Amino acid sequence: MKITVVGTGYVGLVSGACLAEVGNHVLCLDVDAEKIRILESGGIPIYEPGLQAMVQRNVAAGRLQFTTDVDRAVQHGTMQFIAVGTPPDEDGSADMQYVLAAARNIGSRMTDYKVVVDKSTVPVGTADRVREAIADELRKRGAATPYSVVSNPEFLKEGAAVEDFMKPDRIIVGADDDQAILLMRALYAPFQRNRERLIVTDVRSAELTKYAANAMLATRISFMNELANLAEKLGADIEMVRRGIGSDPRIGYDFLYPGCGYGGSCFPKDVKALIKTAADAADIDLKVLTAVEEANDAQKHVLGRKVAARFGDDLAGKHFAVWGLAFKPNTDDMRDAPSRTLLADLFAAGATVAAYDPVAMDEARRVFGEEPRLRYATSPQEALDGADALIIVTEWKEFRSPDFDGIRDTLRQPLIFDGRNLYDPALVRAQGIEYAPIGR
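On a predicted model such as this, the values are computed, not experimentally measured, just so you know.

**Structural notes on the overall build of the chain**
Here's step 1: Within the chain one finds 18 helices and 14 strands.
Here's step 2: Here the C-alpha atoms of the chain give a radius of gyration of 24 Å, agreeing with the 22 Å that 2.2 N^0.38 yields for 440 residues.
Here's step 3: Viewed in the frame of its principal axes, the chain has a C-alpha envelope of about 75 × 45 × 45 Å.
Here's step 4: Counting all 440 residues of the chain, 55% fall into the buried class.
Here's step 5: Within the chain, residue pairs in contact and separated by at least 24 positions form 73% of the contacts whose partners lie at least 6 positions apart.
Here's step 6: When the accessible surface of the chain is summed, it comes to about 19000 Å², and 51% of that surface belongs to carbon and sulfur atoms.
Here's step 7: Here the chain holds 52 positive side-chain charges and 64 negative ones, and the gap between their average locations is 3 Å.

**Some thoughts on the packing of helix H11 (residues 267–282) against helix H12 (residues 287–299)**
Geometrically, a packed helix pair is captured by the angle between its two axes and the distance between the axes.
Here's step 1: Relative orientation of the contacting elements H11 and H12 amounts to 145°, with a least axis distance of 10 Å. Judged by the sense of rotation from one axis to the other, the crossing of H11 with H12 is left-handed. Contact residues: Val271, Lys272, Leu274 and Ile275 in H11; Leu289, Thr290 and Glu293 in H12.
Here's step 2: The residue makeup of the contact of H11 with H12, split by class, is four nonpolar, one polar and two charged.

**Focus: unusual backbone geometry**
The phi torsion of most residues other than glycine is negative, and most of the peptide bonds are trans.
Here's step 1: Of note in this structure, Asn330 is not a glycine but carries a positive phi near 65°.
Here's step 2: Looking at the secondary structure, you find Asn330 in the loop between strand E9 (319–323) and helix H14 (338–348).
Here's step 3: On the accessibility criterion, Asn330 (31% relative accessible area) is partly exposed.
Here's step 4: One non-glycine residue, Asn421, lies in positive phi territory at about 55°.
Here's step 5: Within the secondary structure, Asn421 sits in the loop between strand E13 (415–418) and helix H18 (425–430).
Here's step 6: Look at Asn421 and you get buried, because its relative accessible area is 15%.

**Description of the packing of aromatic side chains**
Here's step 1: Applying the stated criterion across every chain, the model contains eleven aromatic pairs.
Here's step 2: With centroids separated by 6.3 Å and ring planes inclined at 40°, the aromatic side chains of Phe165 and Tyr188 adopt a geometry described as tilted. Taken together, the residues span a long stretch of sequence, with Phe165 in helix H7 (residues 161–166) and Tyr188 in helix H8 (residues 178–188) at a distance of 23 residues. Comparing Phe165 with Tyr188 shows no difference in burial state: the two are buried.
Here's step 3: Plain terms: the ring middles of Tyr423 and Tyr435 are 6.2 Å apart, the flat faces sit at 45° to each other, and that makes the pair tilted. Of this pair, Tyr423 sits in the loop between E13 and H18 while Tyr435 sits in strand E14 (residues 434–436), and the two are twelve residues apart along the sequence. Neither Tyr423 nor Tyr435 differs from the other in exposure class; each is buried.

**Examining the packing of helix H9 (residues 203–234) against H11**
Here's step 1: Put simply, H9 and H11 touch, their axes get as near as 9 Å, and they point 115° apart. Classified by the angle between their axes, H9 and H11 sit roughly perpendicular to one another. Here H9 and H11 pass one another in a crossing that is left-handed. Counted together, Leu208, Lys210, Tyr211, Asn214, Ala215, Leu217, Ala218 and Ile221 of H9 and Phe267, Asp270, Val271, Ala273 and Leu274 of H11 form the full contact between these two elements.
Here's step 2: Partitioning the contact of H9 with H11 into residue classes produces ten nonpolar, one polar and two charged.

**Re the pattern of salt bridges**
Here's step 1: Per the counting criterion, the structure on display carries 34 salt bridges.
Here's step 2: In this structure, Arg104 engages Asp136 in a salt bridge whose closest nitrogen and oxygen atoms are separated by 2.9 Å. Residue Arg104 is found in helix H5 (residues 97–109), and its partner Asp136 is found in helix H6 (residues 126–141); the two are separated by 32 residues along the sequence.
Here's step 3: You can call Arg104 partly exposed: its relative accessible area is 33%.
Here's step 4: Put simply, Asp409 and Arg408 hold a salt bridge, and the shortest N to O gap is 3.3 Å.

**What to know about empty space enclosed by the protein**
Here's step 1: Tallied over the entire structure, the rule returns one cavity of 30 Å³ or more.
Here's step 2: Approximately 40 Å³ is the volume attributed to the largest cavity.
Here's step 3: Taken together, Asp118, Ser120, Thr121, Val122, Ser151, Pro153, Glu207 and Lys210 make up the lining of the largest cavity.
Here's step 4: In terms of residue class, the lining of the largest cavity is made up of two nonpolar, three polar and three charged.

**So, the side chain of Thr341**
Here's step 1: With respect to the helices, strands and loops of the structure, Thr341 is situated in helix H14.
Here's step 2: Leaving out residues up to four positions away in the same chain, Thr341 has contacts with Lys300 and His301.

**Focus on the environment of Gly317**
Here's step 1: The topology assignment puts Gly317 in the loop between helix H13 (302–311) and E9.
Here's step 2: The class of Gly317 is exposed, set by a relative accessible area of 66%.
Here's step 3: Taking the C-alpha atoms as reference points, Gly317 and Ala349, 32 residues apart in sequence, are found 10.0 Å from one another.

**Quick word on the pairing of strand E12 (residues 389–392)**
Here's step 1: Side chains Ala389 and Ile391 of E12 all project onto a buried face; the interleaved residues Leu390 and Ile392 project onto the opposite face, where all are buried too.
Here's step 2: Inspection of the sheet shows E9 paired to E12 by four bridges, in the parallel sense. Its bridge partner being in E12, Val322 is matched across the sheet by Ile391.
Here's step 3: Pairing between E12 and E13: three bridges, direction parallel. What sits directly across from Ile391, in E13, is Phe417.
Here's step 4: Assessed by its sense of winding, the connection that carries the chain from E12 through helix H17 (residues 404–410) to E13 is right-handed.

Procedures and definitions
Residues numbered from 1 in each chain as written. Predicted model: local features only at pLDDT ≥ 70, side-chain atom pairs only at ≥ 80, totals over all residues. Heavy atoms only, no water. Helix = DSSP H or I, 4+ residues; strand = E, 2+ residues; numbered from the N terminus. Rg over C-alpha atoms; globule rule 2.2 N^0.38 Å. Buried < 20%, exposed > 50% of the residue type's maximum accessible area, 1.4 Å probe, protein only. Contact = heavy atoms within 4.5 Å. Areas by Shrake-Rupley, 256 points an atom, 1.4 Å probe, with all protein chains shown as cover. Lys, Arg positive; Asp, Glu negative; His and termini not counted. Charge placed at Lys NZ, Arg CZ, Asp CG, Glu CD. Axes fitted to C-alpha atoms, helices over the stretch in contact; angles between N-to-C directions. Left-handed = near helix turned anticlockwise from the far one by under 90°. Nonpolar A, V, L, I, M, F, W, Y, C, P; charged D, E, K, R; others polar. Phe/Tyr/Trp six-rings, centres within 6.5 Å; stacked < 30°, edge-to-face > 60°. Parallel < 35°, antiparallel > 145°, perpendicular 65-115°, else oblique. Salt bridge = Lys/Arg side-chain N within 4 Å of Asp/Glu carboxyl O. 1 Å grid on protein atoms, 1.4 Å probe; cavity = no way out; pocket = protein on both sides within 12 Å on 5 of 7 lines; lining within 4 Å. Points joined across faces, edges and corners; volume = space filled by probe spheres on them. Pairing = 2+ DSSP bridges. Right-handed = clockwise from strand over helix to strand, strands pointing away.

Here's what the structure looks like:
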């Protein structure tokens, strides 16, 4: 099948590569010529385990190509996937200009039947706007070319996106005509050979499903973070509480890990957008999600508060090692990352920082630039040099079993603030290290 993917960001590039992997001929379009240059030269503009090898393999096989030529892209695929960004506006709503621009490009150039697939995370009602944008362009041309608009939201976890696409839990298809549904079933058949995973809904239900899924996961995280803060005050251990409630099959263990807040490109943006959609489209105040967002904003300051409680509000002359800058492991994404809030708190109090992340150092340099109070370390050990304490923000695997003797002997004060509860408190304290986790 011939497929066009508009956008070579996180969702578009993963989707294009995985669709090519099963034999489709995929053309990825992006207006960013530098991105296309990187991709054509064998690189990728994002970090995602397994993705670069898959891209290179399918480019070599001739199944995956890249272009900035809109005419070529529209003519190539019967299936036109829109996977462009929907960044939040100042009011929290999703910015739809790129999605609608992609739709208009398709409508102004298409000459045969197309299935236009909304892959981007978009508010309920977007398919209607895409359909109208295409119809408007066709009217301008006096054309009556047939087309369908489908909602097919992505459910990809950063750091495991390739596996998520190749072995999906579910495939949501929102469509209202049989021909589009038939083509979508054929497209996804290679990804569900052992059992049916494709769920067909109406378009608006598919659009809402994506927001609802991310909002539910964000709710679990904020709930556990609030419980962790309470447990700490009451003298309880949130890890024991987590095991106790997670053993209930109605609750389960997933997304019950307390920490220093969620970040990334999805949860913060999607919670804001769903709150905004409810207020604007239905005059409904989503009180639970508003509290989820407020709790998360506060939780991002939890490490800064712990540092201030231990060292005082004035941190002038204090220097801290920070392990982890990406919002989660196995990605270099620092959008809305808790590390950014922590560093801002430390800098505001007069401290300096040496930071290390296994893959996000280039992104950190882009975010912070030549910040004089920040030193970019080349290893976890180097970050410790001259530090008054270690602060752990991201739960990378390489941080899970560190050399505690080396940490104790290198730090000016043997002290770890752990924003991800990586260690057994008794074990760390037995090493002669003061330990400040979350809720324990």
